[in-house]
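Spelled out from the first residue to the last, the chains are:
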Amino acid sequence: RSRMRMRIAWSEGMGAKPRGCRARRWFLMAGSSQRAGLRPTYCKRRLYKRSQGKGILVPPLRCAKAGEAEVCHYLAQNGEFVLWVVEGRGLVERARGLHSPISPTATQALGRVLLGTLLIGESKETMETVQVTFKGNGPLGQVMAIAEKGHVKGRMNAYTVESDLVNPGGNGTVGDAVGRQGVVTVVRKNKSLQQYTGNQQMGITELVNGEVAEDLTNYLAESEQINSALGLGLVLASDLTVSSAGGYLLQMLPGATEDTVEKLEQSVSSCPPVSEMMEARMTQREVAESLCGDLGLELVFQKTLGYGPCNTTNLSERMAGALKLMPVTEIRSILEEQGMVEMECEFCREKVVFTEEDLVARGVIGEL
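Residues numbered from 1 in each chain as written. Predicted model: local features only at pLDDT ≥ 70, side-chain atom pairs only at ≥ 80, totals over all residues. Heavy atoms only, no water.

(A) Main features of helix 2 (residues 104-122). Across its 19 residues, helix 2 extends 27 Å between first and last C-alpha, which sits within 8% of the 27 Å expected from 1.5 Å per residue. Within helix 2, 19 of the 19 residues are buried, leaving the element largely enclosed by the surrounding structure. (Helix = DSSP H or I, 4+ residues; strand = E, 2+ residues; numbered from the N terminus. Expected span 1.5 Å × (residues − 1). Buried < 20%, exposed > 50% of the residue type's maximum accessible area, 1.4 Å probe, protein only.)

This is the structure in structure tokens:
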């Protein structure tokens, strides 16, 4: 019952599907489900009227507004798996606008990392912060996203891929842009971890192919021993704005039966790519039905998440700390030329201005 199975992780937008192999199954299992570290603690009370025919309990869909993503969290009626489905066009478009100018392939990469981080963050405890960092050998350099307190934000070292300059419509792959070799690092920060790991826990795994979804699925399997299926999809319009974006994260719970696993393997592998489902304007409910077939689901909750923003107070403190690492002579030179020191956040593009009085008060420079 605890035999190994192949991973399924669709890095879509390029329409990629799982590759075949000697194993018949595509659903990921990293050892027995008892090691998954999950507990079915979600409320199984029926919150909404049962939808006809499918056994999925859902309210009317609320589409995400500009700059936001809408996440629906489902629990299997048999208590054997959980599922998160996100519609995130508004959030990814907000990120694209903030980091503009940005090339199409870079938008694809940033969007996938943002949505993947958001889904992993939703699978953790409410007050937990999740930071995902891709360090590959591609032209984008380091790609990072942070999910915390109902928000997610991201940044990259570079926002242009050379192949996109040759073809403005974008013809590169995310894997080539992120890099085929490198590592993905996930840092979880939570006070409940303090007695074990000093308030945070870090896991590092090698990149599978740089397409994001497979890399994150591999991380969940190898580092956290969680049986998961993860799909991400993003489509750009002709004007290079985000036309649709979304994804899902399905995780098995301890005690899942072989019959349920087999049904999920069949239904997930037969689903169209996420990019196609989102472009067809399928709701979270319809995506969930496609993924789970005739297995009944209950909606635990649905919530709205936004992009950023950085906490202004914390942002000022961090930037002041960074200024303390600079030579005082260089800071004085900037003050003489501009009369102030202006710094910009790489995640949200918010700017913080320090006057000479501010810098003295914060101990960055001394009084003349």
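(B) Inspection of helix 1 (residues 89-98) at higher detail. For helix 1, a buried count of 7 out of 10 residues is recorded, marking the element as mostly surrounded by other parts of the structure. For helix 1, every residue scored as buried is listed here: Gly-90, Leu-91, Val-92, Glu-93, Ala-95, Arg-96 and Leu-98. Tucked inside the fold, the buried residues of helix 1 contact strand 3 (68-76), helix 2, strand 7 (151-156), strand 10 (228-236), strand 11 (242-252) and strand 12 (297-307). (Contact = heavy atoms within 4.5 Å.)

(C) Structural context of the packing of helix 7 (residues 258-270) against helix 9 (residues 284-292). With their axes 6 Å apart at the nearest point, helix 7 and helix 9 run at an angle of 120° to one another. One element, helix 7, and the other, helix 9, form an angle in the oblique class. Across from Leu-264, Ser-267 and Val-268 in helix 7, the residues of helix 9 making contact are Ser-290, Leu-291 and Cys-292. (Axes fitted to C-alpha atoms, helices over the stretch in contact; angles between N-to-C directions. Parallel < 35°, antiparallel > 145°, perpendicular 65-115°, else oblique.)

(D) Fine view of unusual backbone geometry. Of note, the amide linkage connecting Ser-100 to Pro-101 takes the cis form, showing an omega dihedral of 5°. Following the sequence through the fold, Pro-101 ends up in the loop between helix 1 and helix 2. With a phi close to 55°, Gln-225 is a non-glycine residue in the positive phi region. Within the element layout of this structure, Gln-225 appears in the loop between helix 6 (213-222) and strand 10. A positive phi angle, near 60°, is found at Arg-281, a position not held by glycine. Position of Arg-281 among the secondary structure elements: in the loop between helix 8 (274-279) and helix 9.

(E) Quick look at the pairing of strand 14 (residues 351-354). Residues Val-352 and Phe-354 point to one face of strand 14 and are all buried, whereas Lys-351 and Val-353, pointing to the other face, are not buried. Examined bridge by bridge, strand 13 (residues 341-344) and strand 14 share 4 bridges and lie antiparallel to one another. Each bridged residue has a counterpart across the sheet, and for Glu-342 the counterpart in strand 14 is Val-353. Here strand 13 folds back onto strand 14 in antiparallel fashion, the turn holding 6 residues, of which Arg-349 has a positive phi close to 65°. (Pairing = 2+ DSSP bridges.)

(F) Spatial organisation of the nonpolar core. If you look at the biggest cluster of nonpolar residues, it comprises 53 residues, and the most contacted ones within it are Leu-114, Leu-118, Phe-134, Leu-140, Met-156 and Leu-216. Once residues within four sequence positions are removed from consideration, Met-156 is found in contact with Ile-102, Ala-106, Leu-110, Leu-140, Gln-142 and Val-143. (Core = buried A, V, L, I, M, F, W, Y, C linked by side-chain atoms within 4.5 Å.)

(G) Summary view of the side chain of Thr-129. Mapped onto the fold, Thr-129 is located in strand 5 (residues 129-136). For Thr-129, a relative accessible area of 16% corresponds to the buried category. Within polar-contact distance, the side chain of Thr-129 engages the side chain of Glu-148 at 3.3 Å. Those residues within four positions of Thr-129 in sequence are excluded, and the remaining contacts are Ile-146, Ala-147, Glu-148, Val-187, Arg-188 and Lys-189. (Polar contact = N/O pair within 3.5 Å; in protein donor to acceptor, adjacent residues only side chain to side chain.)

(H) Quick look at the pairing of strand 11. Within strand 11, 11 of the 11 residues are buried, which leaves the element mostly enclosed by the surrounding structure. Bridging between strand 4 (residues 81-87) and strand 11 involves 7 bridges; their strand directions are antiparallel. The partner of Val-82 across the bridge, within strand 11, is Gln-251. Sheet topology note: the strand 10/strand 11 ladder contains 9 bridges and is antiparallel. Bridge pairing in strand 11 places Leu-234 opposite Ala-245.

(I) Molecular detail of the pattern of salt bridges. Enumeration according to the criterion identifies 13 salt bridges in this entry. Note that Glu-122 is salt-bridged to Lys-303, the shortest N-O span being 3.4 Å. With Glu-122 in helix 2 and Lys-303 in strand 12, the pair connects residues that are 181 residues apart, well separated along the chain. According to the relative accessible area criterion, Glu-122 is buried, its value standing at 13%. The partly exposed category is assigned to Lys-303, whose relative accessible area is 26%. Here Arg-285 ties to Glu-289 by a salt bridge, and the two come within 3.3 Å at their closest N and O atoms. Residue Arg-285 and its partner Glu-289 are located together in helix 9, separated by 4 residues, close to a single helical turn. What makes Arg-285 partly exposed here is its relative accessible area of 30%. Given a relative accessible area of 17%, Glu-289 falls into the buried group. Sharing partners across several salt bridges, the network here consists of Arg-112, Asp-176, Arg-180 and Glu-211. (Salt bridge = Lys/Arg side-chain N within 4 Å of Asp/Glu carboxyl O.)

(J) A look at the packing of helix 1 against helix 2. Relative to each other, helix 1 and helix 2 sit at 130°, their axes nearing to 10 Å. Taken together, the axis directions place helix 1 and helix 2 in an arrangement best described as oblique. Helix 2 is crossed by helix 1, and the crossing has right-handed handedness. On helix 2, the residues touching Leu-91, Val-92, Ala-95 and Arg-96 of helix 1 are Thr-107, Leu-110, Gly-111, Leu-114, Leu-115 and Leu-118. Here the contact of helix 1 with helix 2 is composed, by residue class, of 7 nonpolar, 2 polar and 1 charged. (Left-handed = near helix turned anticlockwise from the far one by under 90°. Nonpolar A, V, L, I, M, F, W, Y, C, P; charged D, E, K, R; others polar.)

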